[in-house]
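A look at the structure
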Amino acid sequence: MAHERGLRPEPDFFDLPPLLHELCALPTRQDERAHFAHVRRFTNTLAVRYSPVGGTGQSPVRPRPSLLPGADFPSLRRRGPAKSTPISYPDLLAALPTLKRAIVLGDSGTGKSTLLHRLAADLAHRAAADPAEAVPVLLTLENWLGSQLPDFVCQQAPDVGWGLAPLSNQKRLFLLLDGWDDIPQDGLNDQKKQALHELVKQLHSDTPVFVSCRTQFGHELASWGFASLTLEPFTP
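No experiment lies behind these values; they were computed from the predicted model shown.

Rules used in this analysis
- Residues numbered from 1 in each chain as written.
- Predicted model: local features only at pLDDT ≥ 70, side-chain atom pairs only at ≥ 80, totals over all residues.
- Heavy atoms only, no water.
- Salt bridge = Lys/Arg side-chain N within 4 Å of Asp/Glu carboxyl O.
- Helix = DSSP H or I, 4+ residues; strand = E, 2+ residues; numbered from the N terminus.
- Expected span 1.5 Å × (residues − 1).
- Buried < 20%, exposed > 50% of the residue type's maximum accessible area, 1.4 Å probe, protein only.
- pLDDT = per-residue confidence, 0-100.
- Contact = heavy atoms within 4.5 Å.

When the charged atoms of two side chains lie near each other, side chains of opposite charge can form a pair. Applying the stated criterion across every chain yields a total of 9 salt bridges. Across the pair arginine 118 and aspartate 122 runs a salt bridge, and its minimum N-O distance is 3.1 Å. In this pair, arginine 118 and aspartate 122 both sit in helix α4 (residues 112–129), 4 residues apart, roughly one turn of the helix. Lysine 201 is paired through a salt bridge with glutamate 198; the nearest N and O atoms lie 3.0 Å apart.

See the structure below:
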């Protein structure tokens, strides 16, 4: 299986420390180069169409701290969730590297997929030149038909998809999920969304993750605790 590549079955590897075993499971630089070429081919059609698109960003709402029962400090009493001030961005592509995790919202045709494809292409270009840069993995969710999540990831990123966990633990993964609301309605829709949420929760907390979704379905991702980026409506 593709996701088993990199694991060494020889007996003298069985007793290695977990960290070294994980390094053995990492994609090789040759694997990464093949992946970057794949990303460039896959994203080229949309990436070249990208032009700066503005929008607004908002940090996730965090609950305010509350005092212990009986405390009497009026200014510090529970006041409900803290609100964040929206930030306006003239070009969301430039804003994305300043955020760790965000939901990219917008109406159909506003450029969500184009934005993520251009970001993936730019990240692949940088990572091809510098082995220390994060490896972008772009999953086009509308293509997820029937298979389990690990198999789908390997279909979308055959050269490195089997190594998401070790790449994440090495802080070298950049995950892009395109089309949350486009996951096929095949009777497994809810299970697939739950599997994606579990995957993201298992990644290292420093792993950047961006998810694109039409605005009317954004509430489904509220529990993820991500910032939100809303694209400006398209004007001809």
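That shown, we press on.
The end-to-end C-alpha distance of α4 is 26 Å, a good match for the 26 Å that 18 residues give at a rise of 1.5 Å each. Along α4, the positions that sit buried rather than exposed are Lys112, Thr114, Leu115, Leu116, His117, Leu119, Ala120, Ala121, Leu123, Ala124 and Ala127.

In the predicted model, the protein chain carries a mean pLDDT of 84, and 78% of its residues have values of at least 70. Below a pLDDT of 50 lies the segment residues 1–9, which in the model reaches 22 contacts outside its immediate sequence neighbourhood of four places, other chains included. Long-range and interchain partners of residues 73–78, a stretch whose pLDDT sits below 50, account for 5 contacts in this model, where long-range means more than four residues apart.

This part is about helix α5 (residues 149–156). One full turn of an α-helix is made of 3.6 residues, so residues set three or four places apart face in the same direction. Leu149, Phe152, Val153, Cys154 and Gln156 are the residues of α5 that are buried. Its buried side turned inward, α5 meets α2 (29–47), β4 (135–140), α6 (164–169) and α7 (189–202).

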